[in-house]
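# Descriptive analysis of the structure
These are the residues of each chain, in order.
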Amino acid sequence: MTQIFRIDEPSQEHLEDFYRDGYVAIPEAFTEEALTALTNETLNMEGAREYLRTLDKEGGKPSNPTTYFVRPWNNRGPWADRLIDAPLVTALLESTIGPNYHFCHSALNIAPRGAGRLSFHQDHHHWRHSNPINLAERDKWYIQILYYPNGFTRGDRSLSVIPGSHRVPPTEDVTPERLLAGEFDTVAGRELAAKHLELPPGSMVYLNARMFHGVEPKPLDSPQPFRLFLIDIFKEAGPPHRHTQEIPAEWIERAGPSRKKLFSREAYTQDCWTR
């Protein structure tokens, strides 16, 4: 079977980057064949195909730019399905979380020209928001794996990060503004500053969900009509949260023992989340 990633395990440098900064970017992670197949497979899904057809009718510059967003992303083709437990993914997760983790949820996003900015935030589900917070879960691992089949240049729907911000406890008084003003540098053990990334097609980012990150807008004059973005989220064993996707029956039916372990978690209820 054709290899999906160019490497099967992270280097020591990858892991050092991750622990120090809260993320590691792996440029051109996919093999050429896998990248082409995954991109074609994803863009030819029924919903995505219709969305792109609409963009074409508007000349790639919609008057009301709305992203195409699917969560949970259950309708995965065979190449996207392989991402769930590809050797590199498994090696990264076991090197950071350890053996006790499960597949949480996934999403697919296509952002057209004119799509707006996503401000700095973190996606740890025990941060500050209106949803219930389980303090016993706050220090557990939440990992996001971000895939960029058509990459991005700086300022064109690109990923921005605040390296080291994952070291700041996710309490009510922590805001991106205060982080960037230097108020939490001592807690982080470093100067916290925004970094604006640029990655070629086929790149991936392995990210601690407690690290603050954001997304730049997609300019109306971007040379690319859309940005394709895929994400899988894994979490340390524990109760599921409100976005934990229900695993389709066909996934379970064809899963081997290791996959069944990834997919084995109780259904979300507010009681299981807050207990």
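Structure report, in brief. (Residues numbered from 1 in each chain as written. Predicted model: local features only at pLDDT ≥ 70, side-chain atom pairs only at ≥ 80, totals over all residues. Heavy atoms only, no water.)

### What to know about the sheet that holds strand S10 (residues 226-236)
In spatial order, the strands read S1-S8-S5-S10-S3-S2; together these six strands make up an open sheet with antiparallel pairing. The outermost strands of the open sheet, each flanked by one partner alone, are strand S1 (23-26) and strand S2 (68-70). Averaged over all adjacent pairs, the angle separating strand axes in this sheet is 15°, with direction ignored. The pairing of strand S5 (residues 142-148) with strand S8 (residues 203-208) spans six bridges and is classified as antiparallel. Paired with Tyr148 across the two strands is Ser203, which belongs to S8. The strands that helix H3 (residues 46-57) touches are S2, strand S3 (101-112) and S10; relative to S3, the one it contacts most, it runs at about 20°. Contacting S1, S3, S5, S8 and S10, helix H5 (residues 87-96) crosses the sheet at an angle of about 20° to S8. (Pairing = 2+ DSSP bridges. Helix = DSSP H or I, 4+ residues; strand = E, 2+ residues; numbered from the N terminus. Axes fitted to C-alpha atoms, helices over the stretch in contact; angles between N-to-C directions. Contact = heavy atoms within 4.5 Å.)

### Overview of the packing of aromatic side chains
For any pair of aromatic rings, geometry is given as the distance between the ring centres together with the angle between the planes. Considering all chains together, one arrives at 15 aromatic pairs under this definition. Between Phe5 and Phe30 the ring centres are 4.8 Å apart and the planes differ by 40°, which places this aromatic pair in the tilted class. Placement of the pair is Phe5 in the segment before helix H1 (12-21) and Phe30 in the loop between S1 and helix H2 (32-43), with a sequence separation of 25 residues. In this structure, Phe5 and Phe30 share a single accessibility class: buried. Here the aromatic rings of Trp251 and Phe263 are separated by 5.6 Å at their centres, their planes lie at 40°, and the arrangement is tilted. Placement of Trp251 in helix H8 (residues 249-253) and of Phe263 in helix H9 (residues 257-263) is noted, with a sequence separation of 12 residues between them. Each member of the pair Trp251 and Phe263 is classed as buried. Connected via pairs of aromatic rings, a cluster forms that spans Tyr101, Phe103, Phe234, Trp251 and Phe263. (Phe/Tyr/Trp six-rings, centres within 6.5 Å; stacked < 30°, edge-to-face > 60°. Buried < 20%, exposed > 50% of the residue type's maximum accessible area, 1.4 Å probe, protein only.)

Purely spatial values, then, with no claim about function.
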